[in-house]
Amino acid sequence: MSQSDDKLMLANVSRRGLLKGLAGTSALLLAARWDIGLANEQAQFGAGAMPGGWVDNPNVFIHIDSDGLVTIVNNRAEMGQGIRTSLVMVAADELGADWGQVRVQQADADQDRYGNQNTDGSRSMRHWYQPMRRAAAAARLMLEQAAANQWDVPVHEVRAGVHKVVHTGTGRELGFGELAKAASELEVPARNALVLKSDAELRFIGRESGLINGELKSAHPKAIDGEDIVTGKAVFGADVELEDMLYAVVARPPVYGAKVKSVDDKAALKVTGVKKVIRIDSASQPAAFTPLGGVAVVASNTWAAMEGRRALKIEWDLGAAGDNADYTSESYRKSLEKAAQSPGKVIRQSGDVEAALKDADKRVSATYYMPHMAQAPMEPPAAVVRVRDGKAEAWAPVQNPRATREGVAGMLELDVKNVTVHQTLLGGGFGRKSKPDFVIEAARLAREFEGQPIKLQWSREDDIQHAYFHAVSVDHLEAGLDDDGKATSWRHRTLSPSIASLFAPDPKHKAEFELGMGFNTMPFSIPAIRLENPPAPAHVRIGWFRSVYNLPHAWAIQSFAHEMAEAAGKDHRDYVLDLLGPDREVHNLTVGDGWNYGEDPDMYPIDVGRMRRVIETATAEAGWGRETASGRGLGLAFHHSFVSYTAVVFDVEVDDQGELTIHRADIAFDCGPQANPERIRSQMEGSIVMGIGIALQNEVTFRNGVAQQDNFDSYHLPRMANAPKVVRVHLINNPDDAMGGVGEPGLPPVAPALCNAIHAATGKRIRRLPVANQLATS
């Protein structure tokens, strides 16, 4: 089939949407009678460029029983974002299925069959919206063809309705179940035979239900897992129970890179229920997803395993950790702040910054700090692995099934085809469960017990002290203003250890994808710009955390823009709109970003007009410019990330004792087309609460390489009293633009907006996170 023959006719998308739909038209990664050998040839961007690419074969994703029950396969991790509902809803709507007769089946790890399954980067819906619609449209056409064959009429005379096919001429009807067998025997239609439903024909996609900002909306499908989660029936990783199962915990090195020098396990083996104590080799550095090593205790129940671990007497070789054993947060912060005063690797430059700063009528400078943080999902890591007859089977709450499968196979020296990974629900992820070290750790123990399943359970202390930490960050900014307060120059130096240090010798500089998260893509229209990246070594495992490096970049840039507005004597909103300049599309390559979240820069430029729109929406809805009482103020921040646009306004009050009350949060969000607005709202509401925690409380500190926080009494999370009294979400629907991410882009502007509001209320400038007790008056 040639590329020209394979164009998909879309009835309801724009030029950009059409381009997105056709981005891989020569990429036929399909089973059944489609050619698997042409998979994603030379794909550069989007889903086609991901490992495994995309699949749109209805025989892979959609199964219809004779009783009419429709089962739709979900190939993405469900961790609270609702993707098991959203993707299934997209397919069900395009198919014409009755939601009451739809079920979901979670795909096992099988990238060759299901396409890319790595759930991160806020890409699930933007990469799988079109493939799932095409799969469903193909299944619908096959049902229509089966009905036409049975009635001996042309296929154009029949039309699929809700869970049935109707002959338009006579009104005859056949249910999906009645047609399922005959339809399954037909060839899958070519993409150029498919026509997706128009917006008017859709029942679920883009629709909302419930009380939305005070307005009652129409009915909408219920969350697939909602009732099971509420009633305790849902199966998360920690819920998996198998016959004859043993339980394990691990004592891991207190410092990254340390090793076991000696272990006395006599007392541990005397604990009732303890079966075995196993030494695990320490990971060499860089560790990637290799377990940290240490000493495991395997027992008949989790409590016995934990008591056995407590009884171990371990002497650690801290010398094996090298400089990591000297890592202390306060001295490291000071070293980064000192390094920020000197030039670094130039990432982007236009104009003569030095001359512009020298000639400025006023200069503004500030240094901002963001600490390490742990993802701390409510469900700590847990995994079950059974090894028998040369094969391994795992059950785990993982975001990256393929890496899990390969990691288990590597640990057990098996062919990957002999490893099965069942993906459970995730009790939160936030990037932690993209790293399958805990499943590989379980596999290491399971090989000691042929045929007997081993459940490895991390405690909350394990999770916080041995996380893949969000990178600590120092950002130093300087700007020059003319006599009217207009910015003439901007210099930004950013310093953070890199995630790349996890996979290769420490580069001591941020990688391209890390810099592309709001640093070199800063959209301000300023004559002279210089962006630099001085070195920052890594001393702990650095890993993905929701929104990743967008967090420190937005925190610094949005806080500093507020400081510039204040120095200029201008209203903050008006000032940043002026900084953005006229509406225009900025091509990522023109600002030195070759990553662009993996998306085509021609389809996903930085659109300043869309950025302005979210700012204007959030501030208008929040009543920007109104008079506020003493001790009360509004704060604004905005950011572009994961090819979507977000602006946040907080209304806060700080009393004489330094107690903070958040009266209201307004968040405006533009991700282009909206598949499931209800879940988008939920993600924005969750971003507000999580961002408040980042601003006020989250921090992991180190002393001599050891994490000082170990549970929620020391690693603080936001409580009900910290939440806004009111959260208003303002969705801007742009159906004619390409679809952006949702899960992460709501988070980056939250902390700076809150701190800007605190400044407006108190005059106190926050430059170091978390705020913690910085508002205390005594």
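Cut-offs and rules
- Residues numbered from 1 in each chain as written.
- Predicted model: local features only at pLDDT ≥ 70, side-chain atom pairs only at ≥ 80, totals over all residues.
- Heavy atoms only, no water.
- Core = buried A, V, L, I, M, F, W, Y, C linked by side-chain atoms within 4.5 Å.
- Buried < 20%, exposed > 50% of the residue type's maximum accessible area, 1.4 Å probe, protein only.
- Helix = DSSP H or I, 4+ residues; strand = E, 2+ residues; numbered from the N terminus.
- Contact = heavy atoms within 4.5 Å.
- Polar contact = N/O pair within 3.5 Å; in protein donor to acceptor, adjacent residues only side chain to side chain.
- Lys, Arg positive; Asp, Glu negative; His and termini not counted.
- Salt bridge = Lys/Arg side-chain N within 4 Å of Asp/Glu carboxyl O.
- Phe/Tyr/Trp six-rings, centres within 6.5 Å; stacked < 30°, edge-to-face > 60°.
- Pairing = 2+ DSSP bridges.
- Axes fitted to C-alpha atoms, helices over the stretch in contact; angles between N-to-C directions.

Student: Break down the nonpolar core for me, citing the residues and quoting the values.
Tutor: Counting residues in each nonpolar core, the largest one holds 118 residues, and the members touching the most others are Trp490, Phe524, Phe560, Met564, Ile615, Phe650 and Leu754. Examining the composition of this core, we find that 9 residues originate from one element, helix H16 (residues 550–568), more than from any other. Listed in part, the 50 residues of the second largest apolar core include Val55, Ala97, Val165 and Phe204.

Student: Break down the environment of glutamate 94 for me, citing the residues and quoting the values.
Tutor: As for its position among the elements, glutamate 94 is in helix H3 (residues 83–95). Measuring from C-alpha to C-alpha, the distance between glutamate 94 and phenylalanine 204 comes to 9.2 Å, with 110 residues separating the pair along the chain. Sequence-distant contacts of glutamate 94, defined by excluding residues within four places in its chain, comprise Arg133, Ala136, Ala137, Arg140, Val195, Leu196 and Lys197. Of the polar contacts made by the side chain of glutamate 94, one reaches the side chain of arginine 133; its length is 2.6 Å. For glutamate 94, the side chain forms a polar contact with the main-chain nitrogen of lysine 197, separated by 3.0 Å.

Student: Now, about the side chain of glutamate 514: what can you tell me, with residues and values included?
Tutor: With respect to the secondary-structure elements, glutamate 514 resides in helix H15 (residues 512–515). Here glutamate 514 occupies a buried position and makes no salt bridge, while the nearest side chain of opposite charge, lysine 510, is found at 7.2 Å. A polar side-chain atom of glutamate 514 sits 2.8 Å from the main-chain amide nitrogen of isoleucine 499. If sequence neighbours within four positions are ignored, glutamate 514 has contacts with Ser498, Ile499, Ala500, Tyr549 and His553.

Student: Which residues make up the packing of aromatic side chains, and what are the values?
Tutor: The final tally for this structure, using the stated rule, is 15 aromatic pairs. Their ring planes at 40° and their centres at 5.4 Å tell us that tyrosine 327 and phenylalanine 702 sit as a pair that is tilted. Residue tyrosine 327 is located in the loop between strand S13 (313–317) and helix H10 (329–339), and its partner phenylalanine 702 is located in strand S28 (residues 702–703); the two are separated by 375 residues in the primary sequence. The exposure class assigned to tyrosine 327 is buried, which follows from its relative accessible area of 5%. The buried category is assigned to phenylalanine 702, whose relative accessible area is 4%. Arranged with centres 5.5 Å apart and planes meeting at 80°, the rings of tryptophan 490 and phenylalanine 524 form a pair that is edge-to-face. Taken as a pair, tryptophan 490 in strand S21 (residues 487–495) and phenylalanine 524 in the loop between H15 and strand S22 (528–533) lie far apart in primary sequence, 34 residues in all. For the residue pair tryptophan 490 and phenylalanine 524, the accessibility class agrees, reading buried in each case. Through a chain of ring-to-ring contacts, three or more aromatic side chains come together here, namely Tyr327, Tyr332, Phe469 and Phe702.

Student: I'd like a description of the side chain of lysine 197, backed by residues and values.
Tutor: For lysine 197, the location among the structural elements is in the loop between helix H6 (176–184) and strand S7 (210–212). As a buried residue without a salt bridge, lysine 197 has its nearest oppositely charged side chain in aspartate 93, at a separation of 4.8 Å. At 2.8 Å, the side chain of lysine 197 forms a polar contact with the backbone oxygen of aspartate 93.

Student: Hey, could you go over the sheet that holds strand S11 (residues 274–280) for me, with residue numbers and the actual values?
Tutor: Pairing in this open sheet of 7 strands is mixed, and the strands run S11-S12-S9-S19-S16-S17-S18 from one edge to the other. The open sheet has two free edges, formed respectively by S11 and strand S18 (419–423), since each of these has just one partner strand. On average, each strand axis in the sheet is tilted by 20° relative to the strand beside it, whichever way the strands run. Inspection of the sheet shows S11 paired to strand S12 (residues 294–299) by 6 bridges, in the antiparallel sense. The partner of valine 274 across the bridge, within S12, is alanine 299. Its contacts with the sheet place helix H9 (residues 302–311) against strand S9 (246–251), S11, S12 and strand S19 (454–457), and it is angled at close to 30° to S9. Here helix H13 (residues 437–446) sits on the sheet in contact with S9, S11, S12, strand S16 (382–388), strand S17 (391–396) and S19, set at roughly 35° to S16.

Student: So what's going on with the sheet that holds S21? Which residues, and what values?
Tutor: The 5 strands are arranged S14-S22-S21-S20-S15 in an open sheet whose pairing can be described as mixed. Of all strands in the sheet, those bounded by a partner on one side alone are strand S14 (345–350) and strand S15 (362–370). Each strand of the sheet is rotated relative to its neighbour by a mean of 10°, with strand direction disregarded. The pairing of S14 with S22 spans 5 bridges and is classified as antiparallel. Along S22, the bridge assignment pairs valine 346 with glutamate 532. Of the strands in this sheet, S15, strand S20 (473–481) and S21 are in contact with H16, which crosses S15 at around 150°.

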